[in-house]
Amino acid sequence: MDNSLHGRTAVITGGTRGVGAGIAQAFADAGAHVIVCARRPPELPLPKTEFAELDVRDAEAVRCFFADLPGLDVLVNNAGGAPHRPLAPTDAGHHVRVLELNLVAPLTVSLAAYEHLRRARGSIVMIGSVSGSRPSPGTAAYGAAKAGLESLARSMAVEWAPDVRVNTVVPGMVRTERSHLHYGDDDGVAAVARTVPLGRLAEPRDIGAAAVFLASDAAAYISGAGLLVHGGGERPAFLDAAGVAGVAGATTPDKEK
């Protein structure tokens, strides 16, 4: 199983910090020539990568950027995110902007990169989220966008086969330099980590490793797939409500007599 990406060029959108930086570093470590795109350069240099300023919401700038590239083998659509914003008090325009960044922009970038990828028989890796398959209160538009992104990837995988493989990495909770905005201080992060079956949040390198795998020849027959990287998911709330200490041996409600 060959995870090497030597001799291949990869573009990582939003790759200057957090999960994106972890993905960029993983691709560089796998031997790829890595171009990181974002609106602003990284605060700290990312080893073995080059930076290109690009706002993925600017369709014309995106088209020009890819038109100027000599070639491309892998595209990772990572740029995204959303502030905590309940639905009702906010006008629809704020939520539309979240959809534009997390769903429309990956489509724009993928279309601009398509000819390069078709010629190279390359690969697209979307970075989704478990928010796309479960309720996402406070970030509902983000969850909807990520659900749409995974659906888009599955359709791309069929339309663009056999020339371009398209897959989605579906991360759960990831520990980054901005985790405190979501989970609070160190005690809050530790408490949240205890809800994950594997006992910790993901690190950016975990998401990077999954993206490298899907882009590599080791995944040559994988397309249209969603790879969950969530540490086993979330412990069912009813277990804690019922005071059940562990999953093993627990009786599920539909089997109770």
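It should be noted that the structure appears before, not after, this text.
Since the structure is predicted, the reported quantities are computational estimates derived from the model, not experimental observations.

(A) Just the overall build of the chain, in detail. Secondary structure summary: the chain contains eight helices and seven strands in total. The C-alpha radius of gyration of the chain comes to 19 Å, within 12% of the 18 Å expected for a compact globule of 257 residues. Judged by the C-alpha coordinates and their principal axes, the chain covers about 65 × 45 × 35 Å. Look at the contacts in the chain between residues 6 or more apart in sequence, and 68% of them connect residues 24 or more apart. Looking at the chain as shown, the accessible area adds up to about 13300 Å², and 55% of this sits on carbon and sulfur atoms.

(B) Structural detail: the nonpolar core. Counting residues in hydrophobic clusters, the biggest one holds 30 residues, and the most contacted among them are Ile 23, Phe 27 and Val 169. Every element with two or more residues in this core is listed here: strand S1 (9–13), helix H1 (18–29), strand S2 (33–38), strand S4 (74–77), strand S5 (123–127) and helix H7 (204–215). Those residues in contact with Val 169 that lie beyond four places of it in its chain are Val 125, Met 126, Ile 127, Gly 128, Ile 207, Ala 210, Ala 211, Leu 214, Leu 227 and Val 229.

(C) Just the sheet that holds S4, in detail. Reading across from one edge, S3-S2-S1-S4-S5-S6-S7 is the order of the seven strands in this open sheet, with parallel pairing throughout. At either margin of the open sheet sits one strand with a lone partner, and together these are strand S3 (49–53) and strand S7 (226–229). Along the sheet, successive strands turn relative to each other by an average axial angle of 20 degrees, direction set aside. Bridge count for S1 against S2 is five bridges, and the pairing is parallel.

(D) Examining the state of the cysteines more closely. Inspection of the entire model under this criterion finds zero disulfides. Residue Cys 37 stays outside any disulfide, its sulfur separated by 13 Å from that of Cys 64, the closest cysteine. The class for Cys 37 is buried, based on a relative accessible area of 1%.

(E) Quick look at the side chain of Lys 146. Along the chain, Lys 146 falls in helix H4 (residues 140–159). Notably, Lys 146 is buried but unbridged: the nearest opposite-charge side chain belongs to Glu 150, and the N-O separation is 9.8 Å. Those residues within four positions of Lys 146 in sequence are excluded, and the remaining contacts are Asn 102, Ile 127, Gly 128, Ser 129 and Gly 132.

(F) Structural detail: the packing of helix H3 (residues 92–120) against H4. It is at 8 Å that the axes of H3 and H4 come closest, and there the two elements cross at 20 degrees. The orientation of H3 with respect to H4, classified from their angle, is roughly parallel. Judged by the twist between their axes, the crossing of H3 over H4 is right-handed. Mapping the contact onto sequence places His 95, Val 98, Leu 99, Asn 102, Leu 103, Pro 106, Leu 107 and Ser 110 in H3 and Ala 141, Tyr 142, Ala 145, Lys 146, Gly 148, Leu 149, Leu 152 and Met 156 in H4. Of the residues contributing to the contact of H3 with H4, the split by class is eleven nonpolar, four polar and one charged.

(G) Main features of the environment of Pro 197. Looking at the secondary structure, you find Pro 197 in the loop between helix H6 (186–193) and H7. For Pro 197, a relative accessible area of 52% corresponds to the exposed category. For the pair formed by Pro 197 and Leu 46, sequence separation is 151 residues and the distance between their alpha carbons is 32 Å. When residues no more than four places from it in sequence are discounted, the contact partners of Pro 197 are Gly 231, Gly 232, Gly 233 and Glu 234.

(H) Structural context of the packing of helix H2 (residues 59–68) against H3. Their axes nearest at 9 Å, the elements H2 and H3 cross at an angle of 20 degrees. Relative to H3, the element H2 is oriented roughly parallel. The hand of the H2/H3 crossing is right-handed. Across the interface between the two elements, Ala 59, Val 62, Arg 63 and Phe 66 of H2 pack against Thr 108, Val 109, Ala 112, Ala 113 and His 116 of H3. Counted by class, the contact of H2 with H3 contains six nonpolar, two polar and one charged residues.

(I) Here's a closer look at H1. The terminal C-alpha atoms of H1 lie 17 Å apart, and with twelve residues this matches the ideal 16 Å at 1.5 Å per residue to within 8%. In terms of residue burial, H1 counts as a mostly covered element, since ten of its twelve residues are buried. Looking one or two residues beyond H1, the residue adopting positive phi is Gly 31, at roughly 100 degrees.

(J) Structural context of unusual backbone geometry. Here Ala 161 and Pro 162 are connected by a cis peptide whose omega angle stands at 0 degrees. Residue placement: Pro 162 occurs in the loop between H4 and strand S6 (165–171). Of note in the backbone geometry, Lys 48 takes a positive phi value of approximately 65 degrees without being a glycine. Relative to the assigned elements, Lys 48 resides in the loop between S2 and S3. Its identity as a non-glycine residue notwithstanding, Arg 121 has a phi of 50 degrees, on the positive side. Topologically, Arg 121 is positioned in the loop between H3 and S5. Given a relative accessible area of 53%, Arg 121 falls into the exposed group.

Rules used throughout
- Residues numbered from 1 in each chain as written.
- Predicted model: local features only at pLDDT ≥ 70, side-chain atom pairs only at ≥ 80, totals over all residues.
- Heavy atoms only, no water.
- Helix = DSSP H or I, 4+ residues; strand = E, 2+ residues; numbered from the N terminus.
- Rg over C-alpha atoms; globule rule 2.2 N^0.38 Å.
- Contact = heavy atoms within 4.5 Å.
- Areas by Shrake-Rupley, 256 points an atom, 1.4 Å probe, with all protein chains shown as cover.
- Core = buried A, V, L, I, M, F, W, Y, C linked by side-chain atoms within 4.5 Å.
- Buried < 20%, exposed > 50% of the residue type's maximum accessible area, 1.4 Å probe, protein only.
- Pairing = 2+ DSSP bridges.
- Axes fitted to C-alpha atoms, helices over the stretch in contact; angles between N-to-C directions.
- Disulfide = S-S within 2.5 Å.
- Lys, Arg positive; Asp, Glu negative; His and termini not counted.
- Salt bridge = Lys/Arg side-chain N within 4 Å of Asp/Glu carboxyl O.
- Parallel < 35°, antiparallel > 145°, perpendicular 65-115°, else oblique.
- Left-handed = near helix turned anticlockwise from the far one by under 90°.
- Nonpolar A, V, L, I, M, F, W, Y, C, P; charged D, E, K, R; others polar.
- Expected span 1.5 Å × (residues − 1).

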